[in-house]
Protein chains: 2
Amino acid sequence: MAPENASAPATGYVQPDVDVPSLTSVLDGEYAGIRDLVRTNLATYASVLEEADELGIDAFRDRVRDVVVKMAATGQTGMGFPAEYGGGGDVGASIAAFETLAFGDLSVLVKVGVQFGLFGGAILHLGTGRHHAAYLPDLITGELMGCFAMTETGHGSNVQALGTVARYDTASREFVITTPGDHARKDYIGNAARHAELAVVFAQLEVDGSSQGVHAFVVPIRVGGQTAPGVRIEDDGRKMGLNGVDNGRIWFDGVRVPREALLNRFADVSPEGVYESAIDNPNRRFFTMLGTLVQGRVSVAGAGISVAKVALSIATKYAVRRRQFEAAPDTEEQLLLDYGLHQRRLLPLIARTYALHFAQDEVRAQLHEVFSGIEDDAQARRRLESRAAGIKALGTWHATGVVQECREACGGGGYLAINRFAALKGDSDVFTTFEGDNHVLLQLVGKGLLTDHASEFEDLDQLGMVRYVTGLAVETVIERTSAHKLLERVRDLLPGGDEWDREAGLLDSEYQLAMVRFREEHMLAGLARRIKRGIDQKRDPGAVFSQVQDHVIAVARAHVERLVTEAFVDKVRGLPEGGEKTALALLCDLFALSTIEADRAWFMEHGRLTVQRSKAISREVNDLCRKVRPLAVDLVDAWGIPAAMLRAPDLVG
Amino acid sequence: MAPENASAPATGYVQPDVDVPSLTSVLDGEYAGIRDLVRTNLATYASVLEEADELGIDAFRDRVRDVVVKMAATGQTGMGFPAEYGGGGDVGASIAAFETLAFGDLSVLVKVGVQFGLFGGAILHLGTGRHHAAYLPDLITGELMGCFAMTETGHGSNVQALGTVARYDTASREFVITTPGDHARKDYIGNAARHAELAVVFAQLEVDGSSQGVHAFVVPIRVGGQTAPGVRIEDDGRKMGLNGVDNGRIWFDGVRVPREALLNRFADVSPEGVYESAIDNPNRRFFTMLGTLVQGRVSVAGAGISVAKVALSIATKYAVRRRQFEAAPDTEEQLLLDYGLHQRRLLPLIARTYALHFAQDEVRAQLHEVFSGIEDDAQARRRLESRAAGIKALGTWHATGVVQECREACGGGGYLAINRFAALKGDSDVFTTFEGDNHVLLQLVGKGLLTDHASEFEDLDQLGMVRYVTGLAVETVIERTSAHKLLERVRDLLPGGDEWDREAGLLDSEYQLAMVRFREEHMLAGLARRIKRGIDQKRDPGAVFSQVQDHVIAVARAHVERLVTEAFVDKVRGLPEGGEKTALALLCDLFALSTIEADRAWFMEHGRLTVQRSKAISREVNDLCRKVRPLAVDLVDAWGIPAAMLRAPDLVG
């Protein structure tokens, strides 16, 4: 338990100087303004962190609502809505604001997400002019609260199988909303238990006796503070965290809403009861509607990354204050962060957090382009949906893992509620589940890769998709990812020719990229071949697809990690020379090599890593940790987390 | 997202029939009686699970105290104390009772641990007749509550560096207890904030101006419900979990206690102020005193394993009820546990839980032997301490990981407080920290391996230990673990001679054992050689030891996993033929192969796994998962968790 030797780890190595404000500018990028507004708001309402512990559940829910409304008044939460209704008209800025808000109390964050992202987003993206005019101005201020009633007790991930029914009654020109049983009650719905007046309800539309699939309707659930007739609401009660958000269950017993309550951007029912949609295929129509969810996933991904930043900031600052055990008699005890083991625990996580940050920048930019109409075609939307799903899964799992590691690294102090880990852990736990279960999301990513995000995919049901995948798409994938072609491309980039994977320097970013690209393409080709083999053997396509489920997840993960690595490398390359660039290049190496190290078994199994080189990578990761050690505090400070948000008086003072 | 094919995975394979009560008998073993008593008590006080959510913090703390006292009256919590004072006189049974209690509310568990394990254990093991007679009868009933005041804000793991001082005042024949500063205040002390009348205080003993190291004193901290003069107590406040335990901080301002307050089993101060101890070496004396902590570590290890059982029981039962996604149009949706991915997520965790259970049986038996005087020499104690540290680390990390995986596998329902995950997660989080930080414990294990648990180790301080390790011990280790000798031993056991690692069947338990034994010994030899090389190069021993810190952790983990594998294999071999044996043999294979799979990079790096065989192991793990799938519910039912403890109405009904 003696300390790492603090001497320079390599001859000639000069430790970079990091200018923290400059690095913050690199991280904040074009959204520095809105991020600073949110930082100011977080500091203004910092007491909400204490109130989460002190107030009773109802009082805290009301307090969170009040904070959300006050923040809304600063323009912070309405950035994603059109200016004509009082919004900021900047989708990218709305995501950046949400990411920054995640430095603070997460009930406030999730309340904002429910009100402006889910409820407001559904009105904006699924509704038309009449809905916009009627609801947007008041929901942007928070005066009109609403909820997003999609999930049911019986169905979360499989939205197409929801049980709630909306039958069109031609005589009265109304929809009749009905919950056919407890299985179909809406559940876990934020804002439902206490504050929402309106709900956007997802239900199976029935017109003239035939089902048209899931559509969304605006349904009043409270009138003048009282539950609306025919509506039953139950409180979901206390949760592991996020107790400032009033989640609840909703049942509808023949609730009638006018024909205009249908959010009719993609489909409508005429007064006479004729169903019409510009999108003929029901599956494509469904996935188009669901596509509006993508914003929520990008938002949660960014929030997860911010949660990791808060946890790592506390643990890093603690590790440069806390001493434990002497290296020699009669000497001072050593700082935790001077232990090689402690560096190994925290520093690769800091590197991965930076990597995810820059990848998130790219997904946010794509989202902004698609939703601002800068680049909005079917292919771009599919790509965005895949990337959003992927970074949501990796970003939120990262948050869960980082919070746990950092809590343990802060010992018993990390367990007291007065320090932030209790809240961080309980509140962020559900990030891996909401806005799409992470495993389900990675399967979407994997299927997208197999179909090359072909838009035909949307037209297909589960079985059709399997048939499609096992047909043309698989042949295409096998062709595109042939080892020969792949290696040809790599060979041109790296010294060593066919021996690139043995000759290139470990710190050559082209080598690191080649490794993660090779992994993705090799996995994808292998997956395609497995599927093709099964089909060629005339086995049931569903069973074939099921047997490769873990490969689908693995290739999806490899794909997202490749994108993340590329984003980090690109970012570093684009920076001007200086201490920040040098420091980020170290971090980028640490991220890339620790990523390869974590999956070194795969690389060895597939002939891309010799035993010697595998061990050399582990040594290099240790060496990089020693180089990053003196920069650690600057690196976490550059995230610009308001001091009051590092609420851990026992740990960081 | 289609289901696994449910057909038999291998020709000729016959699925075993498991008789659940028989399997429960295998698991409960000789302690079935006390375990059933605890099960009954858990059911009687099941309402405490709801009360944890419903009562305010003070009311819940009092309720937990009451439940503990009522359980104590049944004899459940006093098994570890001598019969003459009202105890059960059976150390092993006391651990078994504690393990079983961990199926229920964990505040009750930890309160029991504080009162009877830590406080009562210190009186019993560090005190002598006068302390036993004075305190044991009342503390066993719970009438006299006490706390164990060791940890300070500034020192947790490094107990030898505690700041609290106990100066002997010869004139008054008293000890004067003083807290020299906030750094030295006692912190996180269970029972301190509300219920304890006495504290066992660990302090630096000063006699006649010279320091004799850390000793323990009985100090009244409350008299008639009021804080004692000179004592200051502060509430640690709300925690991430365990809010039924009243943790607090204590300062002592010249508090005087009589000479007899020193727990004087290992050392005493004469009335005239002469320090005397039968153990000359101060380090050995210190570690002998600390050795009494071992019981707490074994208890927490067992509790962690029980927490994993509760989480896995809920997730498994949910996975055979919950359906999501159809495999083909117009078919019913599939059960979660019929998905290959879901099997991969849960079933290896069930296997590892069984493995840890049987390893815990062995450590508990060793503890029983040592503390019952059946086998109690220095070597046996050192081995026990090492094993207790190792299983505590692996068992509690297992609990943390399992609770997280199971919560995610239960989706949004897992997030509601009415289902048990919120409590399980928050309450068990600190298990990885208390009774010894897991990383620090694994370092103890690693050092024990390097010194072969030589008792001389105790005589040494940190630097002395390094010198010792780098001297004789390392040579011995290098000699003992030479690859040649190791392989010779393996060769005799397995077919294939020198090619055993390529020829033996994957399901041959001798092969599995050879693999984990090889890993441990190879890692240990490598570690010893690294240390020797550093010392031969005349580098600073502290720095050398620090640079290999991650290797120390790795070898410790490999050591414990080897012991766990051996325990499981031995258990299965000893069972009579039948369904239970067949089922456990499947689980044992699943555990052993998934353990090797998880570290397959290491095995490939060290020439013990070819690429082909590594892939074959992954296929075999999948195949074993399919075989275990139909047994899953029986396997979790056999743990005998009272139905009311699976408090998850939304998940398991």
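So, how was this worked out
- Residues numbered from 1 in each chain as written.
- Chains lettered and ligands numbered in written order.
- Predicted model: local features only at pLDDT ≥ 70, side-chain atom pairs only at ≥ 80, totals over all residues.
- Heavy atoms only, no water.
- UniProt positions renumbered as here; feature names shortened; annotations may be inferred.
- Pairing = 2+ DSSP bridges.
- Helix = DSSP H or I, 4+ residues; strand = E, 2+ residues; numbered from the N terminus.
- Axes fitted to C-alpha atoms, helices over the stretch in contact; angles between N-to-C directions.
- Left-handed = near helix turned anticlockwise from the far one by under 90°.
- Contact = heavy atoms within 4.5 Å.
- Nonpolar A, V, L, I, M, F, W, Y, C, P; charged D, E, K, R; others polar.
- Least-squares fit on C-alpha atoms with pLDDT ≥ 70 in both.
- Patch = residues over 30% accessible without salt bridge, like charges linked within 9 Å, V, L, I, M, F, W, Y side chains within 5 Å.
- Areas by Shrake-Rupley, 256 points an atom, 1.4 Å probe, with all protein chains shown as cover.
- Salt bridge = Lys/Arg side-chain N within 4 Å of Asp/Glu carboxyl O.
- Lys, Arg positive; Asp, Glu negative; His and termini not counted.
- Charge placed at Lys NZ, Arg CZ, Asp CG, Glu CD.

An unreviewed UniProt entry annotates chain A as Acyl-CoA dehydrogenase family protein of Streptomyces goshikiensis. Recorded under Sequence similarities (unreviewed entry), the UniProt text for chain A is reproduced unchanged: "Belongs to the acyl-CoA oxidase family." The UniProt entry for chain A carries this comment under Cofactor (unreviewed entry): "FAD".

*Asks:* Just to check I follow, could you spell out the pairing of strand β10 (residues 248-258) of chain B for this structure?
*Replies:* Regular strands have side chains that alternate between both faces of the sheet. Residue and element names in this part refer to chain B. Of the strand pairs in this sheet, strand β3 (residues 174-178) and β10 are connected by five bridges, and their pairing is antiparallel. Its bridge partner lying in β10, Val176 is registered against Arg256. Direction of pairing for strand β4 (residues 186-189) relative to β10: antiparallel, over a ladder of two bridges. Along β10, the bridge assignment pairs Ile189 with Gly248. Looking at chain direction, strand β9 (residues 231-235) and β10 are connected through five bridges and run antiparallel. By the bridge assignment for β10, Ile233 is matched with Ile250.

*Asks:* What exactly am I supposed to notice about the packing of helix α17 (residues 509-536) of chain B against helix α20 (residues 579-598) of chain B here?
*Replies:* Packed helix pairs are characterised by how far apart their axes lie and by the angle those axes make with each other. All names here are of chain B. Look at α17 against α20: their axes get within 10 Å of each other, and the N-to-C directions meet at 35°. Judged by the twist between their axes, the crossing of α17 over α20 is left-handed. Packed against α17, whose contacting residues are Gln512, Met515 and Arg519, the element α20 presents Cys588, Asp589, Ala592, Leu593, Thr595 and Ile596 at the interface. Class assignment of the residues belonging to the contact of α17 with α20 gives a composition of five nonpolar, two polar and two charged.

*Asks:* What is the right way to look at the relation of the copies chain B and chain A in this model?
*Replies:* The operation linking the two copies of the chain is a rotation about an axis combined with a translation along the axis. You can overlay chain B on chain A at an RMSD of 0.0 Å; the transform is a turn of 180° with a shift of 0.0 Å along its axis. Viewed as a symmetry operation, the transformation between the two copies matches a two-fold axis. The position closest to the rotation axis in chain B is occupied by the C-alpha of B:Ala601, lying 2.1 Å away. Mapped onto chain A, 100% of the interface residues of chain B again fall at the interface, so both copies present the same surface.

*Asks:* Got a minute to help me understand a positive patch on the surface in this structure?
*Replies:* Residues A:Arg529, A:Arg530, A:Arg533, B:Lys615 and B:Arg619 make up a contiguous surface patch of positive charge. Only α17 (509-536) of chain A together with α22 (611-628) of chain B provide two or more residues apiece to the positive patch. For the positive patch, the element with the most residues is α17(A), which contributes three residues. The residue B:Arg619 is located in helix α22 in this model.

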